[in-house]
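# Geometric and topological summary
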Amino acid sequence: AQTVTQSQPEMSVQEAETVTLSCTYDTSESDYYLFWYKQPPSRQMILVIRQEAYKQQNATENRFSVNFQKAAKSFSLKISDSQLGDAAMYFCAYRSEFGNEKLTFGTGTRLTIIP
Amino acid sequence: DTGVSQNPRHKITKRGQNVTFRCDPISEHNRLYWYRQTLGQGPEFLTYFQNEAQLEKSRLLSDRFSAERPKGSFSTLEIQRTEQGDSAMYLCASSLAGRDYSYEQYFGPGTRLTVT
């Protein structure tokens with residue numbers, strides 16, 4: 001079974017600065033997807049960024065980018081130019097290439113933005 | 001259609017009572033997932049549907065839990081004889097599965113269940 005580990009329960013960053021959230025995972029599969037989801041307080045979870053394991057190039061979405069290290073099974077999220085609206089719980093998630101495509105989540109990192 | 005909706009948003013019930021939650025997915029989505037999220041944890045997979053067929057159930061889904069998706073549209077999740085350990089946020093997600101689709105899951109706002 002796959003597992004996802006987020007070792008930083010809480011992080012904080014000054015507004016406009018850069019912060020990196022860590023995620024490691026364990027799998028015996030070679031084809032899979034990795035995701036970062038954002039869950040703002042009392043609001044629904046939204047997808048921030050996704051990475052296909054077969055792609056060597058790291059995914060980027062505006063101020064959000066990932067550092068995907070397949071051999072090390074590491075998948076970190078970098079948020080540049082942090083904004084107050086970035087404050088949320090961030091979850092790293094794994095999905096197999098095949099099967100029911102269920103998501104396996106980590107325990108989350110609570111990100112606080114300091115004005 | 002603006003997204004996945006769930007009702008009710010909050011439910012308080014007494015131990016031993018039955019509760020039912022509803023999820024309305026994005027209209028053209030053929031896959032529907034239920035997850036449970038307890039405080040301080042990430043969501044955990046419970047079950048999923050491809051159209052009206054329930055294709056997989058997690059071991060977390062005890063015999064007291066049942067889910068349906070009649071006609072492949074909305075879904076209901078029923079918990080019988082609720083226990084305090086059932087207190088959690090129940091999340092629904094939907095996706096469009098098929099060639100050329102990303103299978104991205106869109107989440108609803110969740111139903112928060114409190115069992116007293």
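In what follows, the accompanying structure is described. (Residues numbered from 1 in each chain as written. Chains lettered and ligands numbered in written order. Predicted model: local features only at pLDDT ≥ 70, side-chain atom pairs only at ≥ 80, totals over all residues. Heavy atoms only, no water.)

### Some points on the interface of chain B and chain A
Definition in use: Residues are treated as being in contact if the distance between any of their heavy atoms lies within 4.5 Å. Salt bridges, as used here, are contacts in which a Lys or Arg side-chain nitrogen is within 4 Å of a carboxyl oxygen on Asp or Glu. Pairing of N or O atoms within 3.5 Å defines a polar contact, subject to two protein rules: one partner must be a possible hydrogen donor and the other a possible acceptor, and residues neighboring in sequence count only if both atoms are side-chain atoms. Helix numbering and strand numbering both begin at the N terminus, where a helix is a DSSP run of H or I of at least 4 residues and a strand a DSSP run of E of at least 2. When residue character is reported, Ala, Val, Leu, Ile, Met, Phe, Trp, Tyr, Cys and Pro are called nonpolar, Asp, Glu, Lys and Arg charged, and the others, Gly included, polar.
Tallying the contact residues gives 21 residues for chain B and 17 residues for chain A. The interface formed by chain B and chain A includes one salt bridge. For the salt bridge of Lys102 of chain A with Glu56 of chain B, the shortest nitrogen-to-oxygen distance reads 3.9 Å. Our count for the contact surface shared by chain B and chain A stands at four residue pairs in polar contact (both at pLDDT 80 or more). Within the residue set of the side of chain B that touches chain A, elements represented by two or more residues are strand 4 (31-37) and strand 5 (44-50) of chain B. The element that contributes the greatest number of residues to the side of chain B that touches chain A is strand 4 of chain B, accounting for four residues. Taken together, the residues that form the side of chain B that touches chain A break down as 10 nonpolar, seven polar and four charged.

### Notes on the sheet that holds strand 7 (residues 65-68) of chain B
Residues and elements named next belong to chain B. We apply this condition: By the convention used here, strands pair only if DSSP detects at least 2 bridges between them. Only the stretch in contact is used when a helix axis is fitted, and all axes are lines through C-alpha atoms; the angle between N-to-C directions ranges over 0 to 180 degrees.
Strands sit in the order 1-3-8-7 across an open sheet of four strands; the sheet is antiparallel. The two strands at the open ends of the sheet, each matched to only one other strand, are strand 1 (5-7) and strand 7. Direction aside, the axes of adjacent strands within the sheet are offset by 15 degrees on average.

### So, the pattern of salt bridges
A side chain of one charge can pair with a side chain of the opposite charge when the charged atoms of the two come close. Applicable threshold: Each residue is assigned to one of three classes by its accessible area relative to the maximum for its type, calculated with a 1.4 Å probe on protein chains only: buried under 20%, partly exposed between the two thresholds, exposed over 50%.
Scanning the model with the defined rule gives eight salt bridges over all chains in all. Note that Lys73 of chain A and Asp26 of chain A form a salt bridge whose closest N and O atoms lie 3.6 Å from each other. Taken as a pair, Lys73 of chain A in the loop between strand 8 (64-69) and strand 9 (74-79) and Asp26 of chain A in strand 4 (residues 24-26) lie far apart in primary sequence, 47 residues in all. A relative accessible area of 41% places Asp26 of chain A in the partly exposed class. Salt-bridge contacts for Arg64 of chain B lead to Asp86 of chain B; the nearest nitrogen and oxygen are separated by 2.8 Å. Taken together, the positions of Arg64 of chain B in the loop between strand 6 (53-57) and strand 7 and Asp86 of chain B in the loop between strand 8 (75-79) and strand 9 (88-95) put the pair 22 residues apart, joining distant regions of the chain. Exposure remark for Arg64 of chain B: the relative accessible area of 11% places this residue in the buried category. Sharing partners across several salt bridges, the network here consists of Arg50, Glu52 and Lys55 of chain A.

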